[in-house]
Structure formats: C-alpha cells, structure tokens
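Chain residues, written in single-letter form:
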Amino acid sequence: MYGVTDLIERPLVTFVLLAYNQEHYVRQAVEAALQQDYSPLEIILSDDCSTDATFDHMKLLADSYSGLHDVVLNRNPVNRGLARHFNELVSRAKGEIIVVAAGDDISLPHRVSKTVELFCEYPSASVICFTDIVIDGEGETLSKSDRAPLSATREVSLEDYICGRVRHLTGASRGFRKRVYEVFGDLNESCPTEDTPYLLRSLMIGSGVISSEPGIFYRRHAGNLSASASKHAMSVDEICGQHSLDLETASAAGFVDQTLAVKVQAWIDRTFTRRSLAAKLAKNNNRWQVFLGSVLP
C-alpha cells in the first residue's frame, strides 16, 4: 500500500473550484479547498461572472489566506458557460493531477492526498472517484450514497463502465491526470456537462479507481446541474456528440481498438435513446402538472 508520505517527489496537484451563483454554499467549498492536507497544491478559485455575492465570498477567503497552498483567484468578465469555463481552467492548471470541485460541495481535508495515494497505488489509472456523502441544502446528511456502498476500493475498466458492471463512478468527486486533457483537448463549448465526458475520456486511455472512502459532501438541492429538471433540460445531442468525437480521438490515437470502439459507440447510442426518452417523459410530466394546476381548485 502506497502512501503520500512514501513519495520522494510529490506531484503538483491543481485543485479547480468552479462556482456560479452559489453565494449560500461557496464559503464552505472554498474553506474546504484551503484546508486540504496535501502539498504542493495549486488552488484555482474561479467564478463565472456570478450575479450574486459568490465572488465576494471567494475573494474575502482568498485574500485572508496565509497557508502553504498557491491560491489563484479568477473571475470571468462575462459568463462563459460551463464547458468554456472548465476548458480554460484545465488548460491553465500547472498540476499533473487535477482535482475538480463545485462551488456547492464540500471536500474532505484528505481528498487530494488520498487521490494522489490512489494514483500511486494504481499507476495505470487516469481517474479517481470517491463515495460521496450526500447532504441537502442545509448541510444535513441524506445518505452516504444512492448506490450500494463499496466494501473495498475497486479498479474498473472502460468495458466495465459501458457494460453497466460499475455504478459508483461519480463526476462530483473525481480527480484525473492532466494527460486526459492533453490527449483530447477542449470540450465542445456547447457541451452542457463535463462530468460524463471526462469520465469516458479517462476510461478510454486508462483505468478508473473508485475509493470505498468518502471524499466529499455532495450537496443536493434544486439548483444542481444534476438535479432532475436540469438533467432533462441538457441537450442529449450535444452530450452524445461529444462522446462520439472523443471516441474518434481515442481510436485514432490507438487507445481503443476497433472491437471495443464498436461497443463504446453502441453504449453512446443507448445513452442517447435512454436520455432522450427520459427528457420527453419529464417534459410531458411537467405539462401534465401544469394542466392539473390549471383545472384543479
């Protein structure tokens, strides 16, 4: 079992915290980033031109920080949207490992050090994920996870993922090698999410590791991008188009052979069908609720 303390040269890690209109939660997210027990650590706190006090909270905490971490504060002059914002931050990250956090979640103090430890133990891995502790908007614990808890840390492959043999991979607590970005480049600016594209990208060039330990408090509230209404509003065409483009890149670079590429494309097609159907059902359900509201006293 490797440990961070066993490393002669610790790799530089970049902790990227993206925020937008999260004034009620961002202080805890930033404080958790600053309290990480790993060094050397670059922390990028970035606000996508929020219309509330999100950036004010971030700036106050960054200005008053006097610890060992290298803190970079950024505020976009205009709202760039998730994909463009994410692309810019990942491209400027100096670390060989990138840990991603949202402005409404809370990372546990050992999240970065445990991520590095797992990358040392599993050198072929491109992405590390944890078991999320789910909290509500007030910070009360809802459950450890929606999924059955893992009894032990597990290494998974691309085929495990696309065949449905693993359901614990979550984007909220991920850390990935910057090599993933170097292979695939920017996401399409119209892609409405970076979670699943980066999970798929990572698994196409290496394995994934799911820790049985928690790494974050994942906050569930109506404003989540992963909330039901937001998920169903996302463009399925754009997400699956990104997946197909990334598959072409991985295949051309020799990371995915032809047999596996056929399986991945079939998974993308199934994902498109499933998500399109779910979006239509959600839309029809919303219309039905509106209708009932108009006719019932």
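What counts, and at which threshold
- Residues numbered from 1 in each chain as written.
- Predicted model: local features only at pLDDT ≥ 70, side-chain atom pairs only at ≥ 80, totals over all residues.
- Heavy atoms only, no water.
- Helix = DSSP H or I, 4+ residues; strand = E, 2+ residues; numbered from the N terminus.
- Buried < 20%, exposed > 50% of the residue type's maximum accessible area, 1.4 Å probe, protein only.
- Contact = heavy atoms within 4.5 Å.
- Areas by Shrake-Rupley, 256 points an atom, 1.4 Å probe, with all protein chains shown as cover.
- Core = buried A, V, L, I, M, F, W, Y, C linked by side-chain atoms within 4.5 Å.
- Axes fitted to C-alpha atoms, helices over the stretch in contact; angles between N-to-C directions.
- Parallel < 35°, antiparallel > 145°, perpendicular 65-115°, else oblique.
- Left-handed = near helix turned anticlockwise from the far one by under 90°.
- Nonpolar A, V, L, I, M, F, W, Y, C, P; charged D, E, K, R; others polar.
- Pairing = 2+ DSSP bridges.
- pLDDT = per-residue confidence, 0-100.
- Phe/Tyr/Trp six-rings, centres within 6.5 Å; stacked < 30°, edge-to-face > 60°.

Student: How should the overall build of the protein chain be read in this particular structure?
Tutor: When helices and strands are tallied, the protein chain shows 10 helices and 10 strands. Every one of the 297 residues in the protein chain was classed for burial, and the buried ones make up 49%. Here the analysis covers contacts within the protein chain between residues at least 6 apart in sequence; of these, 79% occur between residues at least 24 apart. Carbon and sulfur atoms make up 52% of the accessible area of the protein chain, which totals about 14,100 Å².

Student: So what exactly am I meant to see when it comes to the environment of Ala33 here?
Tutor: As for its placement among the helices and strands, Ala33 is situated in helix H1 (residues 26-34). Judged by its relative accessible area of 0%, Ala33 is buried. For the pair Ala33 and Ile43, spaced 10 residues apart in sequence, the C-alpha separation works out to 7.3 Å.

Student: Which parts of the structure should I look at to understand the nonpolar core?
Tutor: Note that soluble globular proteins tend to have their nonpolar side chains buried in a common cluster. Of all hydrophobic cores here, the largest spans 41 residues; its most connected members are Leu158, Tyr161 and Phe176. If you look at the next biggest cluster of nonpolar residues, it comprises 28 residues, including Phe15, Val30, Leu34 and Tyr38.

Student: I would appreciate a short explanation of the packing of helix H7 (residues 195-205) against helix H9 (residues 236-252) in the present structure.
Tutor: Geometrically, a packed helix pair is captured by the angle between its two axes and the distance between the axes. Two numbers describe how H7 lies on H9: the axes approach to 10 Å, and their chain directions differ by 20 degrees. Classified by the angle between their axes, H7 and H9 sit roughly parallel to one another. Once H7 is placed against H9, the crossing between them reads as right-handed. In contact with Thr196, Pro197, Leu200, Arg201 and Met204 of H7, H9 contributes Ile239, Gln242, His243, Asp246, Leu247 and Ala250. Of the residues in the contact of H7 with H9, the class split is 6 nonpolar, 3 polar and 2 charged.

Student: What is the right way to read unusual backbone geometry from this model?
Tutor: Backbone geometry follows two general trends: most residues other than glycine have a negative phi, and most peptide bonds adopt the trans configuration. Ser39 connects to Pro40 through a cis peptide bond whose omega is 5 degrees. Among the secondary structure elements, Pro40 is positioned in the loop between H1 and strand S2 (41-47). You will see that Asn21, though not glycine, has its phi angle at about 50 degrees, which is positive. Inspection of the secondary structure puts Asn21 in the loop between strand S1 (13-19) and H1. Residues other than glycine seldom take positive phi values, yet Cys49 does so here, at roughly 60 degrees. Considering the arrangement of structural elements, one finds Cys49 in the loop between S2 and helix H2 (54-64).

Student: When you look at the pairing of strand S3 (residues 70-75) in this model, what are you seeing that I'm missing?
Tutor: When a strand is regular, its side chains alternate between the sheet's two faces. Inspection of the sheet shows S2 paired to S3 by 6 bridges, in the parallel sense. Note that in S3 the partner of Ser46 across the bridge is Asn74.

Student: What's the story with the confidence of the model for the protein chain in this structure? I'm lost.
Tutor: The predicted structure's coordinates, where accompanied by low pLDDT, should not be read in detail. Averaged over every residue, the pLDDT of the protein chain is 89; the share at 70 or more is 86%. Predicted confidence is poor over residues 227-232, with pLDDT under 50, and the contacts of this stretch with residues over four places away or in other chains come to 10 contacts. Taken as a whole, residues 290-297 scores under 50 in pLDDT and shows 0 contacts with residues more than four places along the chain or in a different chain.

Student: Would you mind showing me how to read the packing of aromatic side chains here?
Tutor: Pairs of aromatic rings are described using the distance from one ring centre to the other and the angle between the two planes. Summed over all chains, the structure comprises 3 aromatic pairs. Measuring from ring centre to ring centre gives 5.5 Å for Tyr161 and Trp267, while their planes differ by 45 degrees; the resulting arrangement is tilted. With Tyr161 in helix H5 (residues 158-162) and Trp267 in helix H10 (residues 258-295), the pair connects residues that are 106 residues apart, well separated along the chain. Residue class for Tyr161 comes out buried when judged on its relative accessible area of 14%. Using a relative accessible area of 12% as the deciding quantity, one classes Trp267 as buried. Here Phe176 and Tyr198 contribute two aromatic rings whose centre-to-centre distance is 4.8 Å and whose plane-to-plane angle is 40 degrees, an arrangement assigned as tilted. Taken together, the positions of Phe176 in strand S9 (residues 175-177) and Tyr198 in helix H7 put the pair 22 residues apart, joining distant regions of the chain. Considered together, Phe176 and Tyr198 belong to a single accessibility category, that of buried residues. In textbook terms, an aromatic cluster arises when at least three aromatic residues are bridged by ring pairs, as seen for Phe86, Phe176 and Tyr198.

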